[in-house]
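# What the coordinates show
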Amino acid sequence: MVTGAAGFIGAWTLRALLFEGYCPVVFDLQEDRRLVAAICGSDAANMLHWHTGDIRNMDQLQAAAMGTERIIHLAGMLTPGCRANPRLGAEVNLIGLLNVFAIAQTLHQKGVLYMSSAGVYGPSGGTIPQPTTLYGAFKLAGEICAQSFWNDDGIASIGVRPYVVYGPGREIGLSAAPSLAARAVAEGRSFTIPFTGLLDMIYVADVATAFVAALKADTAGAHVVNLFGQRIESVEVARLLNEQASEDITVTARGEPMPIVLPPPDDSAAILGDWSPTPLSEGLKKTIQYYQANAGVEA
């Protein structure tokens, strides 16, 4: 089962699972298949087993998870939403994760894969998680809880910490600007990326592939992996986009750059195998082509 499957990373994860021959069950707050249909194809979107429910509701979650072997937990609120409504952010991002683990325990599932974030690291970087946002704090608390579920109940888990995830369908969040800029290129509009500095950008299909690799790994223990793509300055992202743009893509220093850290040793190689990220120029090109092919279609 994939929670939050109708969203940006969820739709791409469904696509990767279907490609590998899995039969994913969808759990999402509403039945909006538009993005899933655009990414996976209309036939696949219509064939999926779709359950509408709230990640905070244990009964709805358990009903959807019956008969499944694993949960890939992607449902959550991003940084702006957590800042605007801290209580709701905690209920969705932390209590929602606890609910997923509780269901996995009740149904004797093999384990849980879940979305963490590079937001667990503070703006000063470093190798020790020190979040300064509510979003990052909730994600770090979730990682600690995952470790407790392994220690106390033997529920295996793998958390994935990507940095700036970009690609078709990325519309919200503090780091959505590169994707929105690619959409602007496709639509012949100018766009300003509202932050400067060094980024680590990873194509959304690569994140989905990493989840499938983690699913196949079937690893015991509680693990967290830093998922890196390609490190690049914001101005270089704009330069790559301007090679295909009819209107200017610019960069301003209004916002804060995404902190980049030197990752501590982790189990990513053992878990992800020969996984490798898509070159940024290729990922941006694919993103532009998607929006050109889906002009007028809401993500």
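Because the structure is predicted, anything quoted here is derived from the model rather than measured.

A count of helical and extended segments in the protein gives 12 helices and 12 strands. A globule of 299 residues ought to have a C-alpha radius of gyration of about 19 Å, and the protein, at 18 Å, matches this closely. The principal-axis extents of the C-alpha atoms in the protein amount to approximately 55 × 45 × 40 Å. Buried positions account for 52% of the 299 residues belonging to the protein. Considering only contacts within the protein whose residues lie at least 6 apart along the sequence, 78% involve residues at least 24 apart. Averaging the locations of the 19 positively and 28 negatively charged side chains of the protein gives two centres separated by 2 Å.

Now for helix α10 (residues 234-242). All buried positions along α10 are accounted for by S234, V237, A238, L240 and L241. One side of α10 holds all its buried residues, which, seen down the axis, span an arc of 160 degrees.

Scanning all chains against the criterion turns up zero disulfides. Of the cysteine sulfurs around C40, a residue in no disulfide, the closest is that of C23, at 13 Å. Its relative accessible area of 18% is what places C40 among the buried residues. With no disulfide partner, C145 has as its closest neighbouring cysteine sulfur the one in C82, 15 Å distant. Accessibility expressed as a relative area gives 21% for C145, which makes it partly exposed.

A ring pair, where both rings are aromatic, is described by two values, the distance of the centres and the angle of the planes. For the structure shown, the criterion picks out six aromatic pairs. A ring pair is formed by F101 and Y114, whose centres lie 6.3 Å apart and whose planes are at 65 degrees; its orientation type is edge-to-face. Remark: Y114 occurs in strand β5 (residues 111-115) and F101 occurs in helix α6 (residues 86-106); sequence separation between them is 13 residues. The pair formed by F101 and Y114 is uniform in burial state, with each residue classed as buried. Seen from their ring centres, Y290 and Y291 are 5.1 Å apart, and the 80 degrees between their planes marks the pair as edge-to-face. Y291 matches Y290 in its accessibility class, with the two residues each being buried. Taken together, the aromatic side chains of W12, Y166 and Y203 make up a single cluster linked through ring pairs.

All right, on to unusual backbone geometry then. Most peptide bonds take the trans form, and the phi angle of most residues other than glycine is negative. The backbone of H108 sits at a positive phi, close to 55 degrees, despite the residue not being glycine. Overall, the relative accessible area of 71% leaves H108 in the exposed class.

Where empty space is left in the structure can be found by rolling a water-sized probe over the atoms. One pass over the structure, following the stated rule, counts one cavity of 30 Å³ or more. Taken as a whole, the largest cavity holds about 60 Å³ of empty space. Lining the largest cavity, in full, are H73, A75, N93, L97, Y114, M115, S116, F138, K139 and G142. Residue assignment for the lining of the largest cavity shows that the elements contributing at least two residues are α6, β5 and α7 (134-153).

The next point concerns the nonpolar core. Formed by 67 residues in total, the largest nonpolar core has its most connected members in M201, L241 and I249. The greatest single-element share of this core, amounting to 10 residues, is contributed by helix α9 (residues 204-217). Contact partners of I249, with chain neighbours within four places excluded, come to A181, A184, V185, R189, S190, F191, I193, A238, L241 and N242. Formed by 24 residues, the second largest nonpolar core is a distinct cluster that contains V25, L97, I103 and Y114.

Glancing now at the sheet that holds strand β11 (residues 230-233). Strands sit in the order β7-β9-β11 across an open sheet of three strands; the sheet is mixed. Lying at the two open borders of the sheet, with one neighbouring strand each, are β7 (164-166) and β11. The average undirected angle you get between the axes of adjacent strands in this sheet is 45 degrees. Across three bridges, the pairing between β7 and strand β9 (residues 198-203) is parallel. Bridging from a neighbouring strand, V164 pairs with M201 of β9. Against the sheet, helix α12 (residues 280-293) engages β7, β9 and β11, with an angle of about 60 degrees to β9.

Criteria and cut-off values
Residues numbered from 1 in each chain as written. Predicted model: local features only at pLDDT ≥ 70, side-chain atom pairs only at ≥ 80, totals over all residues. Heavy atoms only, no water. Helix = DSSP H or I, 4+ residues; strand = E, 2+ residues; numbered from the N terminus. Rg over C-alpha atoms; globule rule 2.2 N^0.38 Å. Buried < 20%, exposed > 50% of the residue type's maximum accessible area, 1.4 Å probe, protein only. Contact = heavy atoms within 4.5 Å. Lys, Arg positive; Asp, Glu negative; His and termini not counted. Charge placed at Lys NZ, Arg CZ, Asp CG, Glu CD. Arc of directions from axis to C-beta. Disulfide = S-S within 2.5 Å. Phe/Tyr/Trp six-rings, centres within 6.5 Å; stacked < 30°, edge-to-face > 60°. 1 Å grid on protein atoms, 1.4 Å probe; cavity = no way out; pocket = protein on both sides within 12 Å on 5 of 7 lines; lining within 4 Å. Points joined across faces, edges and corners; volume = space filled by probe spheres on them. Core = buried A, V, L, I, M, F, W, Y, C linked by side-chain atoms within 4.5 Å. Pairing = 2+ DSSP bridges. Axes fitted to C-alpha atoms, helices over the stretch in contact; angles between N-to-C directions.

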